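Read off the chains here:
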Amino acid sequence: MSLISLKNNWLFYMGCIVGLFVIMQSSFFIIRSFKQGEALGMDKSLLKRTVFQSFIFAIVPSLAILLTIVTLSKSLGLNLPWIRLSVIGAITYEVPAASSAASVYGYGIGEAINDPVAFSNIAWVMTAGSIVPLILIPLFFKRYQSKLVYFRENHKEESELYSNALFLGMISSFLGYAISGSESNGIIYGSIISILTLVTSAIVMICCGLLINKKKIKWLENFAVPFSMIIAMIMSVVFFRYLPEVISTWQFPGLF
Amino acid sequence: MNIKNNYDEKTHFYGRLWMIAALLLILAVPLSISIRLDSWPTLGEFLKAYLPILSLFGPIALIEITTYGPMLGNAGTYLGFVTGNLVNLKVPVSMNAINNAKVKAGSEEADVISTIAIGTASITTIFILFIGVISFSQIMPILNSEALAPAFANLLPALFGGIGVVFISKNYKMAVIPVIFALLVFIIYPAVPVGILIPVEAIISLASARYLRKKNLI
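How each quantity is defined
Residues numbered from 1 in each chain as written. Chains lettered and ligands numbered in written order. Predicted model: local features only at pLDDT ≥ 70, side-chain atom pairs only at ≥ 80, totals over all residues. Heavy atoms only, no water. Helix = DSSP H or I, 4+ residues; strand = E, 2+ residues; numbered from the N terminus. Buried < 20%, exposed > 50% of the residue type's maximum accessible area, 1.4 Å probe, protein only. Contact = heavy atoms within 4.5 Å. Phe/Tyr/Trp six-rings, centres within 6.5 Å; stacked < 30°, edge-to-face > 60°. Lys NZ or Arg CZ within 6 Å of the ring centre and 35° of its normal. Buried area = accessible area lost by both parts, 1.4 Å probe. Salt bridge = Lys/Arg side-chain N within 4 Å of Asp/Glu carboxyl O. Polar contact = N/O pair within 3.5 Å; in protein donor to acceptor, adjacent residues only side chain to side chain. Nonpolar A, V, L, I, M, F, W, Y, C, P; charged D, E, K, R; others polar. pLDDT = per-residue confidence, 0-100.

Trainee: I tried to follow the overall build of chain A on my own but got confused; where do I start?
Mentor: From N to C terminus, chain A includes 11 helices and two strands. Sequence-ordered secondary structure for chain A, helices as α and strands as β, is α-α-α-α-α-α-α-α-β-β-α-α-α. For chain A, the C-alpha atoms occupy an extent of roughly 60 × 50 × 35 Å along the three principal directions. Out of the 256 residues in chain A, the part that is buried amounts to 55%. Residue pairs at least 24 apart in sequence account for 64% of intrachain contacts in chain A once pairs closer than 6 positions are excluded.

Take a look at the structure:
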């Protein structure tokens, strides 16, 4: 029996401990936030609605995170990728980190790794690189945040403006990112597919907005973003299926 | 002011405690693997794999803290950076919650909303991952099917198309320069890592907002 299937039962229990930790930490801060919200005079029903909306919102992206576990499970089994994606992890980091560590021993990330030293090194590299924020934040975040708070208290209007600007910066990055298309498991999903997906999501959101504002369908507020996301994802399957391959796999060439 | 200051002070205190606990727990994982398997990589083997990763993701971590920290809020930062998956879940869920709650971005109320959103999303992810792992053989053939592959490959455009419409429609003047810049960057060099572009776009967006404000255009 291979290393990754036989010796991972104890890792499963580690994963459960990690999961419990995340639940405890999240619950702690949620409860504190509820208390602070009440102290600020916020409506409790608003806070509860935030919980519901966020739960719905998180389902589909969480399924995508589950798929990252699948990618890594071929070489590392289920439990280590599960632990890594539960804390700090992100596909953009975990896959390169695992690849880098596996390559030291001549392995690739697509093959089962039964060498215990290689497996151990992969675990160390995946962990060591990802803990940088956990060292930096306790050291300097308070000082950084206090400067932001000072600015917020003395420049209230500008503070909101710049907060919105930050969000817009991030959104703009992903709007542009749609041009590049993507690749997954060796299959190219071209620029046209990602642009159409983005536009579909935007159109659905506009329709939801009209229904919420004009037809007063208030319950839709909780589901507008998940709806736009899911419908756009479904349509990406349709676009990819029915567009000619030369169009569906075409990626914007760029100048470089 | 006293309530807020006390809350912020305690948030930093608790946030640091939880973060240090998370650090110890996370380090316990590879340590337990090495002990259990009695297999220890040499320092050379570790550094050979680790240094390239650190050289790239170390600066990115610093940039992410300075960029996402203001978006996530105080407690949201301590929580979000422990649970990870910032760009594809924690930041969007925070943005969405703040927008739906109709509170001012950057305000104390936004901090509360953001923390609740991030905490809820973290718990949701934990449960979904747990269910997925224990029912792996039943769920994975469906999720991993060729038919659904385009859907998950295009998750980010699907997510940000809808969110983008909401934010841009409310701040369309501010959005012009950052959107045009992003489009130009990807037209010129489509392979640019989006994680590197985000902080650049943040700076451009801030500068553009400041300029428009000075010209009384917003």
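That covers the picture; the talk isn't over yet.
Trainee: How do you make sense of the packing of aromatic side chains when you look at a structure like this?
Mentor: For any pair of aromatic rings, the description consists of the separation of the ring centres together with the inter-plane angle of the planes. A complete count under the given rule lists 22 aromatic pairs over all chains for this structure. Between Trp219(A) and Phe223(A), the aromatic rings sit 6.0 Å apart at their centres with planes inclined by 65 degrees, giving edge-to-face as the arrangement. Looking at Trp219(A), the relative accessible area reads 52%, which means it is exposed. On the basis of an interplanar angle of 25 degrees and a centroid distance of 5.8 Å, the ring pair of Phe223(A) and Phe227(A) is categorised as stacked. Judged by relative accessible area, which is 33%, Phe227(A) ranks as partly exposed. Here the aromatic cluster, defined as three or more aromatic residues joined through ring pairs, consists of Phe21(A), Phe28(A), Phe29(A), Phe13(B), Tyr14(B) and Trp18(B). In this structure, Arg241(A) is placed above the aromatic ring of Tyr242(A), and the distance from its NZ or CZ to the ring centre is 5.1 Å.

Trainee: I would appreciate a short explanation of unusual backbone geometry in the present structure.
Mentor: Backbone phi values are negative for most residues with the exception of glycine, while trans is the configuration of most peptide bonds. All names here are of chain B. At Lys102, a position not held by glycine, the phi torsion is positive, near 60 degrees. If you trace the backbone, Lys102 turns up in the loop between helix H4 (86-101) and helix H5 (108-134). Although it is not a glycine, Asn216 sits at a positive phi angle of roughly 55 degrees.

Trainee: Sorry, what's going on with the interface of chain A and chain B here?
Mentor: You'll often see interface size given as the accessible area lost when the parts meet. Taken together, the contacts link 144 residues of chain A with 150 residues of chain B. Interface area, chain A with chain B, both sides summed: about 13,800 Å², of which 78% is carbon and sulfur. Contact with chain B buries surface across chain A, with Trp124(A), Phe167(A) and Met170(A) losing the most and accounting together for 5% of the total. On the surface where chain A and chain B come into contact, there are two salt bridges. Between Lys142(A) and Glu9(B) there is a salt bridge, with its nearest N and O atoms 3.0 Å apart. Remark: the boundary between chain A and chain B carries 19 residue pairs in polar contact (both at pLDDT 80 or more). At 24 residues, the largest contribution of residues to the side of chain A that touches chain B is made by helix H2 (residues 9-39) of chain A. Tallied by class, the residues present in the side of chain A that touches chain B amount to 97 nonpolar, 38 polar and nine charged.

Trainee: Can you walk me through the pattern of salt bridges in this structure?
Mentor: Side-chain pairing between opposite charges can occur once the charged atoms of the two side chains come close. Going through the model one piece at a time under the given rule, you end up with three salt bridges over all chains. Close ionic contact of Lys102(B) with Glu221(A) constitutes a salt bridge, the shortest N to O distance being 3.8 Å. Taken together, the residues Lys102(B) in the loop between H4 and H5 and Glu221(A) in the loop between helix H9 (191-213) and helix H10 (224-242) connect one chain to another.

Trainee: How do you make sense of the confidence of the model for chain B when you look at a structure like this?
Mentor: It should be kept in mind that the predicted coordinates are not to be read in detail where pLDDT is low. Residue and element names in this part refer to chain B. Per-residue confidence for chain B gives a mean pLDDT of 88, with 98% of residues at or over 70. The secondary structure element of chain B with the lowest average pLDDT is helix H6 (residues 136-143), at 76, and the one with the highest is H5, at 94. Interface confidence in the predicted complex, given as ipTM, is 0.83; pTM for the same model is 0.83.

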